[in-house]
Amino acid sequence: MSTSLPLEIAEFHGDGISSELSAAVHAVADALPIDITFHDVDLTLERRRTDAEGSYNDAEKAMRKCRVAMKYPTVTEDASPNKVLRDRFDFSVIHRPVATIPGVETRIRGTVDLHVVRIATGGTYEDPGRRIGADSAISIRLIERRPSFQASMFAFKLAEKIGANVTSASKYTIQRNTDSLFEEVAAGVAQKFPNVGHESELFDALLAKLIMNPEGYRVVVTPNEYGDFLSDAACGMIGSIGLGASASYSFDDDGNILLAMFDPAGGTAPDIAGKGLCNPSAALWAFSMLLDHVGQRELGAKLDAAVRSVISSGNTTGDLGGSLNTEQFTKAVVLERKLNQLNHSN
């Protein structure tokens, strides 16, 4: 292991398969040539039922100390833990990369290599709504300039880094005030990046075009609910919703990332919890995103590639048609990363 200062990571433990996903991340972390210290926080439903405020205070303390966190799936009983954390940490941008994995069966043609950048607040999710009499209900839809700007800046910086164009997608012809504000902000940010192409598309049309021509899109930035829909749809296009990982970011007044949380897509999977059957791929990809974020870009890229290589070779968990359990798959990823390291050093 390295003798440099350890990488400190807040680790938010949840419910169901969370402990198994955490074990997979720790097994990979132990095999890396850097020192990593995890700061455990109990966000299980059992803890939240008896001391919700204390659990979230512990999470905030650990996050403020480490500035990066791994989070595992949590059950929502009353308040959503994701929303509580989002509010406490002022997360305004969610980034989910989705890419085709050779060896995973899909029902579409073409190759997906997409980055969904989603405003983490507002939209139709901000207001749960209210009933009006017996037969009507109403909710308020909110679009704000600041998170729209931060999401657009993140998208254009990412596109500039990977040599791609940006598509902003919404229903601006119908939501003429809310979505048009978002598009106005995105267009303004585009002016700051003259070398990055930009176009606006209606969200429903984008979904159809993405299915017909997935290679035509690399970076898409959207308001909250559209990004939620698009993220799951894109994961479905590559074969499984459970193959997605995401990052949530907050920013300081100068636009620099202040706090970052990384988590696998998917839920707590109570039907297989504790049986060693869950697929840890998304958790390992989330961990690779964290490594990239903290400057360990080579390690992050190698971990990402190792997971893909193991899946592509057919050594998969049951959800992808294989026979490996969670621990066996994780060991295969660790071995693959070590073999790749040896091959590159020879």
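The structure under discussion appears in the preceding block.
All values derive from a computational prediction rather than experimental measurement. (Residues numbered from 1 in each chain as written. Predicted model: local features only at pLDDT ≥ 70, side-chain atom pairs only at ≥ 80, totals over all residues. Heavy atoms only, no water.)

**Looking at the overall build of the chain**
Secondary structure summary: the chain contains ten helices and twelve strands in total. For the chain, the C-alpha radius of gyration of 20 Å lies close to 20 Å, the compact-globule estimate for 346 residues. Each of the three principal axes of the chain carries a C-alpha extent, and together these read 55 × 50 × 40 Å. Counting only residues that meet the buried cut, the chain has 49% of its 346 residues in that class. Within the chain, residue pairs in contact and separated by at least 24 positions form 75% of the contacts whose partners lie at least 6 positions apart. For the chain, the exposed surface amounts to about 16,200 Å²; the carbon and sulfur share of it is 49%. Across the chain, the centroid of the 34 positively charged side chains sits 2 Å from that of the 45 negatively charged ones. (Helix = DSSP H or I, 4+ residues; strand = E, 2+ residues; numbered from the N terminus. Rg over C-alpha atoms; globule rule 2.2 N^0.38 Å. Buried < 20%, exposed > 50% of the residue type's maximum accessible area, 1.4 Å probe, protein only. Contact = heavy atoms within 4.5 Å. Areas by Shrake-Rupley, 256 points an atom, 1.4 Å probe, with all protein chains shown as cover. Lys, Arg positive; Asp, Glu negative; His and termini not counted. Charge placed at Lys NZ, Arg CZ, Asp CG, Glu CD.)

**Observations concerning the side chain of Arg 47**
With respect to the secondary-structure elements, Arg 47 resides in helix 2 (residues 45-66). With near-sequence residues (within four places) excluded, Arg 47 lies in contact with Asp 42, Ala 52, Gly 54, Ser 55 and Asp 58.

**A few points about the packing of helix 4 (residues 145-162) against helix 5 (residues 178-190)**
Look at helix 4 against helix 5: their axes get within 9 Å of each other, and the N-to-C directions meet at 40°. In this view, helix 4 runs oblique relative to helix 5, as classed from their interaxial angle. Considering only the axes of helix 4 and helix 5, their crossing is right-handed. Here Arg 145, Ser 148, Phe 149, Ser 152, Met 153 and Phe 156 of helix 4 lie close against helix 5, whose contacting residues are Leu 181, Phe 182, Glu 184, Val 185, Ala 186, Val 189 and Ala 190. (Axes fitted to C-alpha atoms, helices over the stretch in contact; angles between N-to-C directions. Parallel < 35°, antiparallel > 145°, perpendicular 65-115°, else oblique. Left-handed = near helix turned anticlockwise from the far one by under 90°.)

**Remarks on the layout of surface pockets**
Within this model, the largest pocket holds a volume of roughly 1,100 Å³. Residue lining of the largest pocket: 40 residues in total, with His 95, Phe 154, Leu 158, Lys 161 and Asp 292 positioned closest to the centre. Elements with a minimum of two residues in the lining of the largest pocket: strand 4 (93-99), strand 5 (113-119), helix 4, strand 11 (245-251), helix 8 (281-293) and helix 9 (297-312). It is helix 4 that provides the largest number of residues to the lining of the largest pocket, a total of nine residues. (1 Å grid on protein atoms, 1.4 Å probe; cavity = no way out; pocket = protein on both sides within 12 Å on 5 of 7 lines; lining within 4 Å. Points joined across faces, edges and corners; volume = space filled by probe spheres on them.)

**A look at the pattern of salt bridges**
If charged atoms from side chains of opposite charge come close, those side chains can pair. In total, this model carries 22 salt bridges according to the counting rule given. Among the salt bridges present, the one from Arg 145 reaches Glu 184, with a minimum N-O distance of 3.1 Å. Placement of the pair is Arg 145 in helix 4 and Glu 184 in helix 5, with a sequence separation of 39 residues. Residue classification places Glu 184 among the partly exposed positions, given a relative accessible area of 46%. Taking the shortest distance from any N to any O, the salt bridge between Lys 171 and Asp 204 comes out at 3.0 Å. Separated by 33 residues along the polypeptide, Lys 171 in the loop between strand 8 (166-170) and helix 5 and Asp 204 in helix 6 (residues 203-212) bring together distant segments of the chain. (Salt bridge = Lys/Arg side-chain N within 4 Å of Asp/Glu carboxyl O.)

**Quick look at helix 9**
An α-helix turns once every 3.6 residues. As a result, residues three or four positions apart point the same way. In this model helix 9 runs 22 Å from its N-terminal to its C-terminal C-alpha over 16 residues, within 8% of the 22 Å that 1.5 Å per residue would give. One or two positions beyond helix 9, positive phi appears at Gly 314, with a value near 95°. (Expected span 1.5 Å × (residues − 1).)

**Description of helix 6**
All buried positions along helix 6 are accounted for by Phe 203, Leu 206 and Leu 210. Down the axis of helix 6, the buried side of the element spans an arc of 45°, and every buried residue falls inside it. On its buried face, helix 6 sits against strand 5, strand 8, strand 9 (198-202), strand 10 (219-222) and helix 7 (224-237). (Arc of directions from axis to C-beta.)

**Here's the deal with the nonpolar core**
Core analysis: the largest hydrophobic core is formed by 81 residues, its most contacted members being Ile 9, Ile 36, Met 70, Val 117, Phe 262 and Phe 287. A per-element tally of this core places helix 8 first, with eight residues. Discounting residues that sit within four places of it in the chain, Phe 287 has contacts with Ile 9, Val 25, Val 28, Ala 29, Leu 32, Ile 36, Met 70 and Leu 303. In terms of nonpolar packing, the next biggest core, distinct from the first, is built from 16 residues, Phe 12, Tyr 56, Met 63 and Cys 66 among them. (Core = buried A, V, L, I, M, F, W, Y, C linked by side-chain atoms within 4.5 Å.)

**Observations regarding the sheet that holds strand 11**
Reading across from one edge, 2-1-3-12-11-4-5-10-8-9 is the order of the ten strands in this open sheet, with mixed pairing throughout. The open sheet is flanked by strand 2 (36-42) and strand 9, the only strands paired with a single partner. For this sheet the average axis-to-axis angle between neighbouring strands, irrespective of direction, equals 25°. Relative to strand 12 (residues 257-264), strand 11 is paired through seven bridges, and the arrangement is antiparallel. Bridging across to strand 12, Ser 250 finds its partner in Leu 259. (Pairing = 2+ DSSP bridges.)

**Looking at the packing of helix 6 against helix 7**
One way to put it is that helix 6 packs onto helix 7 with a least axis distance of 11 Å and a crossing angle of 10°. Comparing their axes, helix 7 and helix 6 come out roughly parallel. Note on element contacts: helix 7 touches helix 6 through Tyr 226, Phe 229, Leu 230 and Met 237, opposite Phe 203, Leu 206, Leu 207, Leu 210 and Ile 211. Grouping the constituent residues of the contact of helix 6 with helix 7 by class yields nine nonpolar, no polar and no charged. (Nonpolar A, V, L, I, M, F, W, Y, C, P; charged D, E, K, R; others polar.)

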